[in-house]
Structure formats: C-alpha cells, structure tokens
Amino acid sequence: MKIPKSIFGKEDNDIEKFNELDLDERSIVFYSESSVILYPYVEEIIEELQNRDQKICYLTSSKYDPILKNKNENIKVFYIGDSELEKMNFFLRLKARILIMTMPDLGAYHIKRSKEFPVHYIYTFHSMNSTHMEFQKDAFDQFDSIFCVGPYQVQELRATEQLYNLKQKNLVECGYGLLDKLIKLRSSFSEKKNFLKNNKKNILIAPSWGKHNLLESMGIELVKILLDAGYHVTVRPHPMTIRKWPKKIKAIKNEFDNEPNFEMETDVSSFESIYSAYGLISDWSGIAIEYAFVCEMPVFYIDVSQKINNSSYNKIQCNPLEFSIRNLIGKIISPNDLSSLPKVIESTYEENNNFKTIIQEVRNKTIFNLGQSGIKGAQEILQILDKKKTNKNYV
C-alpha cells in the first residue's frame, strides 16, 4: 500500500474511506499507534480470524507498519496519519462495534472513547510486564475487555478494581501473541544459530526507555566494557528512546562509529538479533522476559532505578512480575559492578542447563494458553461481536 501525498505536500490519509464503510464492514477494528506497532502482537489473532473467514479493518498511524504490505482481501487497511488533533476528532466519532489496541491510557490523551457509538474497547498487551508499576494508575480504567497475558495480570487488575471501586472489566485469559509467534519462528533460526558475528560472541543490549534507564544513563560505558572484553555488541534502543533522546543515540553511534564489532539496530520489527544473541543485557524492559521465554536462555539485568509510572503501585498487594522472576530467569548486576559483567556472562553459561529448565517451568506457570493465544483471542472477539449484534445495549 502506497501512502500518497496531497497537493500541499502533506500526507493524505484514509479516514474518509474508512468512514464510508457500512457498520458490518467495520465491526472488528484494530488500531496501531506510530511508536509501538500493533501487528506483531495481534498477528496470531488476525490469522485465526482469517481462518474463520472474518472480515476486519486495521487502522495504522505508522508508515512502517508491516500490515501495509498485506494483500488479504478480508483485511481492509487504512493509514489514518499521526496528527494528534485529527486522531482525536476521528476517534471521538468512531463507529465500530469493537476496537482492539495496544495503547493504554484510553481517554487520558488524544485517543478518546467514541461519543457517537457504543464501541467495545479491547486492550491487548505489548509486553509481559505487570499492570500496576510500569503503567499509569488509571491506564486501563476505560477499557471494556483486557486480554491478559497470565494469571498475575488478572490478580493485579482485580485488586486495582477493588481498591479504587471500579467497574469490573471483562478480563480474558488470553496469553501473549508475540511470544507464540517468536517460539514458532525459533526453529527457523536454530540451524544457523551460532551466536557469532565477526567470529565474536554477539551480545545484545535491549533496554527499556526513560531518563534513568540503561542506555540513557550508562550506554557508552557499557558498550566499551563489552567491546574491550572481545564481544560483538548490538544495541537495540527502545523506539521511545529513539524518539525522545535522539542526541543520546547519536552520541553512542558517534563514539563507536569506527568500531567493526559494534552495530546499532533501530529496526525493531526484526527479531533475528534476539535469536542470534549469545547474551541479552537489559534493565526493566519486557523484551528481557520475551528473550528468556523464547530462547530459554538467561538474561543479564543491570540493576538501574526501577521504571515506576505509578507511584501508588505498592498499594496493590501483588509483587510485579518484573521483580518476582528476575532472579529465576537471569542474573542481576549492580551498575557499580559493570566491569565484572563479562566474567558474570561467561560463568553463567556454565550453568545454562539449569537455567533452561527453570525458565521453562516459570514460563509455563506464568503464561495463559501458550501457543494458543490467537485462538483464544479470536474466539473472545467473535463472542463479543455476537453479543453486540443481538443486544443493542451491550457495550
């Protein structure tokens, strides 16, 4: 799909085309923001809906969304641009039966609930992290259904509803689509998986984002230690780091521009670097859990300040997953002991078989419907759609 330009040099969008559809054609609508592209997280659900010959609409604000290359006649794709004002006006008037998105804080910013139609809003996660520390306190309050990754999220969300006297949402025991997809893809990488680049062990640095997080606070120092230890180093910044701290990214690039064993990976739609990593270094990012559960290999956590977006998170008597499984799926290294990191990496792989067994056990206890999340998600969407068609008062 080619995104055209208007005569004024600005991007056109497909909002008018979408609004011309009748309601049955836009019963099930997915929306992808520009910073976190939705498609990898719902691909399993979309494929299952296609298996049932179900028509869907997919709205995107990203020019790089892989869905734009889709040629399936049952998927109508619309590029709606990334203007906050235009999106706000569009979503306030949205007419659709169901909207699925991975963008939290519905109603808080420019994405509002429709004032013209009783849309059923579904939230699906773009990480396996807990709901009450990394997200804002009211991040999920305005959603009708939430596709939960595991039992821990159900417990957290129910506890939040009880604490703040909120209306109970439809919490679906779904699973995590991206995890299912990555596990399926793992076999295609296994034959060429030797963890080497330039004949050196490849270390992947994939942190979260934020002022005090790993790349922003000590990125150059960390890369230098690893290069000096003889590793090949791949830095995979979070998309929000690229957007909010471009000078930091540029400084890291400039520092190691002439170093043959350094590379910066800004295309986060590719997963090859995850499979090819001899070790993954992270902080509080959800990619750490993804790497451990997919590759069944330990994570090396640099213990920077916690990423807390809800200062009241400890009122919820549930230990965040980011805390509870760190010592089980990896090793934690103090920022003051960065120089010891190469030694920790090598010694850890002497006990890798123990880690593999433990990681498998933790994964199986933590995740709903492993390998089947697409089926569960599609079933739930169709059940909600059926209720909305038969009961006009069902939201």
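Since we're looking at a predicted model, the values are computed, not measured.

(A) The nonpolar core, seen in detail. I205, L226, I281, F293 and I345 are the most contacted members of the largest nonpolar core, which totals 98 residues. Not counting residues within four places of it along the chain, the set of residues in contact with I345 comprises I203, L226, Y231, Y278, I281 and F300. Within the second largest apolar cluster, 24 residues are counted, among which are I46, L68, I98 and F147.

(B) Expanded view of the pairing of strand β3 (residues 75–79). Counted residue by residue, β3 has four buried out of five residues, so it is predominantly covered. Where strand β2 (residues 56–60) and β3 come together, five bridges link them in parallel fashion. By the bridge assignment, I56 is partnered in β3 with I75.

(C) How the structure looks around the packing of aromatic side chains. A complete count under the given rule lists 16 aromatic pairs for this structure. When the ring of Y123 is compared with that of F143, the centres are 5.2 Å apart and the planes differ by 65°; the resulting orientation is edge-to-face. With a gap of 20 residues between them, Y123 in strand β5 (residues 120–124) and F143 in the loop between β5 and β6 (145–148) connect regions that are remote in the sequence. Comparing Y123 with F143 shows no difference in burial state: the two are buried. Measuring from centroid to centroid gives 5.2 Å for W284 and F323, while their planes differ by 85°, and the two rings are edge-to-face. Of this pair, W284 sits in the loop between β12 (279–282) and α10 (286–295) while F323 sits in helix α11 (residues 321–324), and the two are 39 residues apart along the sequence. Exposure remark for F323: the relative accessible area of 24% places this residue in the partly exposed category. These aromatic residues form a ring-pair network of at least three members: F18, Y31, F78, F90 and F91. The residue whose ring lies beneath K137 is Y164, and the NZ or CZ to ring-centre distance is 4.5 Å.

(D) Expanded view of the pairing of strand β10 (residues 232–235). Burial along β10 is two-sided: the face carrying H232 and T234 and the face carrying V233 and V235 are both buried. For strand β9 (residues 200–205) and β10, the ladder comprises four bridges, and the chain directions are parallel. Residue I205 lies in a different strand from β10, and its bridge partner there is V235. For the crossover from β9 across helix α6 (residues 214–228) to β10, the handedness is right-handed. Pairing geometry for β10 and strand β11 (residues 262–264), over three bridges, is parallel. Counterpart to T234 in the pairing with β11 is E263.

(E) Looking closely at the environment of D386. Within the element layout of this structure, D386 appears in helix α15 (residues 373–390). The sequence separation of D386 and M240 amounts to 146 residues, and the corresponding C-alpha distance is 38 Å.

(F) Summary view of empty space enclosed by the protein. Throughout the structure, instances matching the rule amount to four cavities of 30 Å³ or more. Taken as a whole, the largest cavity holds about 120 Å³ of empty space. What lines the largest cavity is a set of 16 residues, among which T131, H132, K137, F140 and T160 lie closest to the centre. Partitioned by chemical class, the residues of the lining of the largest cavity number six nonpolar, six polar and four charged. For the second largest cavity, the calculated volume is near 60 Å³. In terms of lining, the second largest cavity is formed by Y41, I45, T124, F125, F147, V149, C174, G175, Y176, G177 and S373. Here the residues of the lining of the second largest cavity are counted per class, giving seven nonpolar, four polar and no charged.

(G) Layout of the packing of helix α2 (residues 39–51) against α15. The interhelical angle for the contact between α2 and α15, taken along N-to-C directions, is 65°, at an axis separation of 8 Å. Here α2 and α15 pass one another in a crossing that is right-handed. Mapping the contact onto sequence places E44, I45, E48 and L49 in α2 and S373, G374, I375, G377, A378, I381 and L382 in α15. For the contact of α2 with α15, the per-class residue count stands at six nonpolar, three polar and two charged.

(H) Representation of the pattern of salt bridges. Taken as a whole and assessed by the stated rule, the structure comprises 15 salt bridges. Here K17 ties to D14 by a salt bridge, and the two come within 3.9 Å at their closest N and O atoms. When its relative accessible area of 52% is taken as the criterion, K17 is described as exposed. Note on D14: relative accessible area 8%, which makes it buried. With a shortest N-O distance of 3.2 Å, E161 and K169 are connected by a salt bridge. In this structure E161 comes out as buried when scored by relative accessible area, which is 3%. Classification of K169 as buried rests on a relative accessible area of 7%. Each of R158, E161 and K169 takes part in one network of salt bridges that share partners.

(I) Examining the state of the cysteines more closely. Under the criterion given, the structure shown has zero disulfides. This cysteine, C174, is not joined by any disulfide, and C148 carries the nearest cysteine sulfur, 8.7 Å off. Not engaged in a disulfide, the cysteine C318 finds its nearest cysteine sulfur in C148; these two sulfurs lie 12 Å apart. Of the residues examined, C318 reaches a relative accessible area of 18% and is grouped as buried.

Conventions and cut-offs
- Residues numbered from 1 in each chain as written.
- Predicted model: local features only at pLDDT ≥ 70, side-chain atom pairs only at ≥ 80, totals over all residues.
- Heavy atoms only, no water.
- Core = buried A, V, L, I, M, F, W, Y, C linked by side-chain atoms within 4.5 Å.
- Buried < 20%, exposed > 50% of the residue type's maximum accessible area, 1.4 Å probe, protein only.
- Contact = heavy atoms within 4.5 Å.
- Helix = DSSP H or I, 4+ residues; strand = E, 2+ residues; numbered from the N terminus.
- Pairing = 2+ DSSP bridges.
- Phe/Tyr/Trp six-rings, centres within 6.5 Å; stacked < 30°, edge-to-face > 60°.
- Lys NZ or Arg CZ within 6 Å of the ring centre and 35° of its normal.
- Right-handed = clockwise from strand over helix to strand, strands pointing away.
- 1 Å grid on protein atoms, 1.4 Å probe; cavity = no way out; pocket = protein on both sides within 12 Å on 5 of 7 lines; lining within 4 Å.
- Points joined across faces, edges and corners; volume = space filled by probe spheres on them.
- Nonpolar A, V, L, I, M, F, W, Y, C, P; charged D, E, K, R; others polar.
- Axes fitted to C-alpha atoms, helices over the stretch in contact; angles between N-to-C directions.
- Left-handed = near helix turned anticlockwise from the far one by under 90°.
- Salt bridge = Lys/Arg side-chain N within 4 Å of Asp/Glu carboxyl O.
- Disulfide = S-S within 2.5 Å.

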